[in-house]
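Chains, contacts and geometry: an overview
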Amino acid sequence: MSIQTADNVKRNDQPARSVFQVEAIIKRNSPINKEYHLLNVDAPQSILRCKPGQFFHILCPARAAHQPYLRRPMSIFGYSLEKGELQFLYKVTGNGTRALTYLKKNDVVNLLGPLGIPFTIKPNWVNLLILARGVGLATLAPLAQEANRLERNLITICSARNSDVLMSDNHFRKLGAEVITVTDTEGTSKMENVRHIIEDRICGDGIDAMYTCGSNRMLQLLQGIGTKYAIPGQVALEQQMACGLGMCQCCVRSFYCGKKIVQKRVCRDGPVFGLQEAMAW
Amino acid sequence: MVNLRTRIGDLILKNPIMPASGTFSEELADVIDIGQLGAHVTKTITEEKREGNPTPRICEVNGSILNSIGIPSKGVEHFIKHTIPFYNQYDVPLVTSISAHTSDDFARLCNKVTVPGVAAIEVNISCPNIDDDGKAFAMRPSATKTVVQKVRSSSDLPLWVKLSPNTGETVEVALVAEDAGADALVVSNTMLAMSIDITSRKPRLGNLMGGLSGPSLKPIALRMAYQCAKSVRIPVIGCGGISTVYDVIEYLIAGVKAVQIGTATFVHPSTMINILSDLEDYLREQNIRNLNDIIGTVQDANTIDAVVFMETAP
Ligand SMILES: Cc1cc2nc3c(=O)[nH]c(=O)nc-3n(C[C@H](O)[C@H](O)[C@H](O)COP(=O)(O)OP(=O)(O)OC[C@H]3O[C@@H](n4cnc5c(N)ncnc54)[C@H](O)[C@@H]3O)c2cc1C
Ligand SMILES: Cc1cc2nc3c(=O)[nH]c(=O)nc-3n(C[C@H](O)[C@H](O)[C@H](O)COP(=O)(O)O)c2cc1C
Ligand code: FES
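Residues numbered from 1 in each chain as written. Chains lettered and ligands numbered in written order. Predicted model: local features only at pLDDT ≥ 70, side-chain atom pairs only at ≥ 80, totals over all residues.

Considering the packing of helix α6 (residues 245-254) of chain B against helix α8 (residues 271-285) of chain B
Residue and element names in this part refer to chain B. The contact between α6 and α8 brings their axes to 9 Å, and the two run at 65°. At the point where α6 passes α8, the crossing takes the right-handed sense. Here Val245, Val248 and Ile249 of α6 lie close against α8, whose contacting residues are Ile275, Asp278, Leu279 and Tyr282. When its residues are assigned to classes, the contact of α6 with α8 shows 6 nonpolar, no polar and 1 charged. (Axes fitted to C-alpha atoms, helices over the stretch in contact; angles between N-to-C directions. Helix = DSSP H or I, 4+ residues; strand = E, 2+ residues; numbered from the N terminus. Left-handed = near helix turned anticlockwise from the far one by under 90°. Contact = placed C-beta atoms within 7 Å. Nonpolar A, V, L, I, M, F, W, Y, C, P; charged D, E, K, R; others polar.)

Here we look at the domain arrangement of chain A
Residue and element names in this part refer to chain A. Parsing chain A into structural domains produces domain 1 (20-115) and domain 2 (127-237). The interface is formed by 13 residues belonging to domain 1 together with 12 residues belonging to domain 2. If you list the elements that add at least two residues to the side of domain 1 that touches domain 2, you get β5 (78-80) and β6 (85-91). Classifying every residue of the side of domain 1 that touches domain 2 by side-chain character gives 7 nonpolar, 4 polar and 2 charged. (Domains from an automatic or database assignment.)

Concerning the interface of chain B and chain A
Each partner contributes to the interface: chain B provides 34 residues, whereas chain A provides 29 residues. Of all the elements, α8 of chain B adds the most residues to the side of chain B that touches chain A, at 6 residues. Residue classes in the side of chain B that touches chain A are distributed as 15 nonpolar, 10 polar and 9 charged.

Structural notes on unusual backbone geometry
Look at the link from glycine 113 of chain A to proline 114 of chain A: it is a cis peptide, with omega at -5°. Note that the residue after valine 187 of chain B, namely serine 188 of chain B, is joined by a cis bond; omega there is 10°. By the secondary structure assignment, serine 188 of chain B is in the loop between β10 (184-187) and β11 (191-194). Backbone geometry at alanine 230 of chain A places phi at a positive 55°, although glycine is not the residue there. Mapped onto the elements, alanine 230 of chain A comes out in the loop between α6 (216-229) and β12 (233-236). For asparagine 62 of chain B, which is not a glycine, the phi torsion comes out positive at approximately 35°. Inspection of the secondary structure assignment puts asparagine 62 of chain B in the loop between β5 (58-61) and β6 (64-67).

Quick notes on the environment of glutamine 276 of chain A
Residue and element names in this part refer to chain A. Secondary-structure assignment places glutamine 276 in the segment after β15 (272-274). A residue is classified by how many C-beta atoms lie within 10 Å of it, and glutamine 276, with 15 of them, is partly exposed. In the structure, glutamine 276 is positioned 52 residues away from glycine 224 in sequence and 9.1 Å away in space, judged by C-alpha atoms. Those residues in contact with glutamine 276, other than ones at most four positions away along the chain, are Gln223, Gly226 and Tyr256. (Buried ≥ 20, exposed ≤ 12 C-beta atoms within 10 Å, placed from the backbone.)

Focus on the pairing of strand β3 (residues 55-59) of chain A
Residue and element names in this part refer to chain A. Counting buried positions along β3 yields 5 of 5 residues, so the element is predominantly enclosed. Alternating residues of β3 divide into Phe55, His57 and Leu59 and Phe56 and Ile58, and every residue in both groups is buried. Bridge count between β3 and strand β4 (residues 72-75): 4 bridges; the pairing is antiparallel. Residue pairing for β4: phenylalanine 56 is matched across the bridge by methionine 74. Of the strand pairs in this sheet, β3 and strand β7 (residues 108-115) are connected by 4 bridges, and their pairing is antiparallel. When the sheet's bridge partners are listed, leucine 59 is paired in β7 with asparagine 110. (Pairing = 2+ DSSP bridges.)

Remarks on the environment of glutamine 299 of chain B
Residue and element names in this part refer to chain B. Summarising the element assignment, glutamine 299 is placed in the loop between α8 and α9 (305-308). What makes glutamine 299 exposed here is the crowd of 7 C-beta atoms within 10 Å. Note: C-alpha distance between glutamine 299 and glycine 9 (290 residues apart in sequence) is 25 Å.

What to know about the sheet that holds strand β4 (residues 40-41) of chain B
The strand order across the open sheet formed by 8 strands is β3-β14-β13-β10-β9-β8-β7-β4 (chain B), and the pairing between neighbours is parallel. Two strands in the sheet have a free side with no partner beyond their single neighbour: β3 (17-19) and β4 of chain B.

What to know about the site of ligand 1
Every one of the 26 residues lining ligand 1 counts as a neighbour, but Ser75, Tyr90, Gly94, Gly96 and Thr97 of chain A are closest to it. Around ligand 1, the nearby residues trace back to chains A and B. Breaking the shell around ligand 1 down by element, the ones donating at least two residues are β4, β6, α2 (95-101) and α3 (136-149) of chain A. Tallied by class, residues from the shell around ligand 1 come to 13 nonpolar, 9 polar and 4 charged. (Near = placed C-beta within 6 Å.)

Considering the site of ligand 2
Every one of the 26 residues lining ligand 2 counts as a neighbour, but Ala20, Gly22, Ser213, Gly262 and Thr263 of chain B are closest to it. The residues that come close to ligand 2 belong to more than one chain, namely chains A and B. Of the residues belonging to the shell around ligand 2, the class tally is 9 nonpolar, 15 polar and 2 charged.

A closer look at helix α3 (residues 141-154) of chain B
Residues and elements named next belong to chain B. The end-to-end C-alpha separation of α3 is 20 Å, in line with the 20 Å expected for 14 residues at 1.5 Å each. If you check which residues of α3 are buried, you get Ala143, Thr144, Thr146, Val147, Val148, Lys150 and Val151. Of the surrounding secondary structure, the elements contacted by the buried residues of α3 are α2 (103-112), β8 (120-124), β9 (159-162) and α4 (170-179). (Expected span 1.5 Å × (residues − 1).)

Structural notes on the confidence of the model for chain A
Looking at chain A, the pLDDT average stands at 90 and 93% of residues meet or exceed 70. Low pLDDT (under 50) marks residues 1-14 of chain A, which in the prediction has 20 contacts with non-local residues, meaning those over four places away or in another chain. (pLDDT = per-residue confidence, 0-100.)

Encoded structure:
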């Protein structure tokens, strides 16, 4: 007999399942700079009905030296239903992501998803702002793709330590966004400078919604601006995960809920949350 | 056709595969057909609403995990209003896991969840007993006896008592649980463990220590399940470290009537469903028509009782 170690779940005659466990074939997996890798897979249509802000839970294949046990959450960096393609941009940090780097063209990788609550772009949100730094750019990139599809105006402020690791600015430009880059080495990434850039825009064409991910200082900045100018927004948050589905309560964070503070699961109740609901950490 | 039915006291399950408490919730229905499972076991609830422990709540240790989730609970009212109706859409027995810090609180909660739609109550006695010195009920026969007697008198539903590996008195605890009126034993919960990050020198769990689960727990839980099956007449349900059908077969041979699967579901959400079909295939290939024919078939006839019930390694 053959033991099924992974998936092939029978899915016929069942009510529509919304989350799938699939084996995807690697098209490309290579470094794009010192820290980041781009993973490009051939994905079945079932998992490509995904939305910006959602994520996949990736089974990083164990190697002699790196033996991750649980899956690792990764935001969708790009997806295309037409091309049958899904992309992840990942930073090599530990066991799991290091194991991922070994995957070669035509290898398979087991993906679970799409998972989580996506970003929203409301019909009356015309002028959008994205503020991103580091790997947060990966999470926000498909939002730019969606803004482009919906013909919204998008300004993206890309922040990085130096221009070498500013990897996504061209990606955002190709998606039709106006890109402003700020870096630590040039001294332009200070929050005060970023605030000026944003406030200039608010006084100019105006901003209808703001989005960010991954940085505490950027979250606090946008929360302050959001309150001052009554501009709504969303933030994608991270937390260590086990199941990724909402079952284990591993991934909770604290959130404001009116006057109360409540715990929510990042994997299921997020990872995208209202800008003002999120608590800085 | 292989007959996978198994009997846990008065309850007949269509198959022996069910989730372990705390590793399963409504959300799994997004990925698999949970209607195929032998039973649905819910996350432990407390009577009142409460938060769990500080994060990080889970860390990996060599192909297994430690968790210090605690028991975040929306309380019993939420459970009755929302959770029970959800699971009652399925033709699968619902097993409600409960916890409290005193025997009287246990009894009151047990009574509150004795409602239509609940098929059995799993009594999670791995939590601190504040009437005593704060040690878990399941660590000692005396505390186990009191709490099981109290819950027994507060409900007429089948009671499954879940044991802990954090005891040196497995057999004694099992025997008093049976004597006090348990209908089945679930063996077992997680084992207290710890992990430290050598770079930061900080414990890797927000709560300092946590429970070991996953493949590393299996030999311990299997040993306990075997000892319990040898010593009590009520059914034993195996739990700990199961990730393939071979693990299930091993537990069945040790004497359990059903199994619970926990951590493996985090890695592969379809584990339980896959194991179910693998189990049917395995039994068919071995020409075993009835699940019962493999249960308790461990070849231990020449082993003296003292060895079967030993509590420390030689
Ligand atoms: C919703 C979501 C989307 C993400 N998207 C991306 C992305 O697009 N690109 C990217 O590079 N990274 C992303 N991350 C972070 C990524 O999941 C972690 O960097 C990764 O899990 C680290 O695993 P490791 O084994 O390499 O590192 P290790 O440090 O060895 O991990 C040890 C443990 O910590 C957990 N962990 C460590 N850091 C994080 C973190 N920041 N978030 C969650 N778990 C963590 C791991 O799951 C693992 O259990 C995302 C995280 C979340 C929650
Ligand atoms: C994240 C997590 C949460 C758990 N929560 C509970 C719980 O609420 N009640 C309980 O009785 N056991 C709980 N357990 C223990 C499991 O039910 C099970 O006994 C244990 O994990 C061993 O099985 P496994 O190795 O298959 O995971 C939990 C385990 C994990 C990993
Ligand atoms: S990771 Fe399990 S609940 Fe979020």
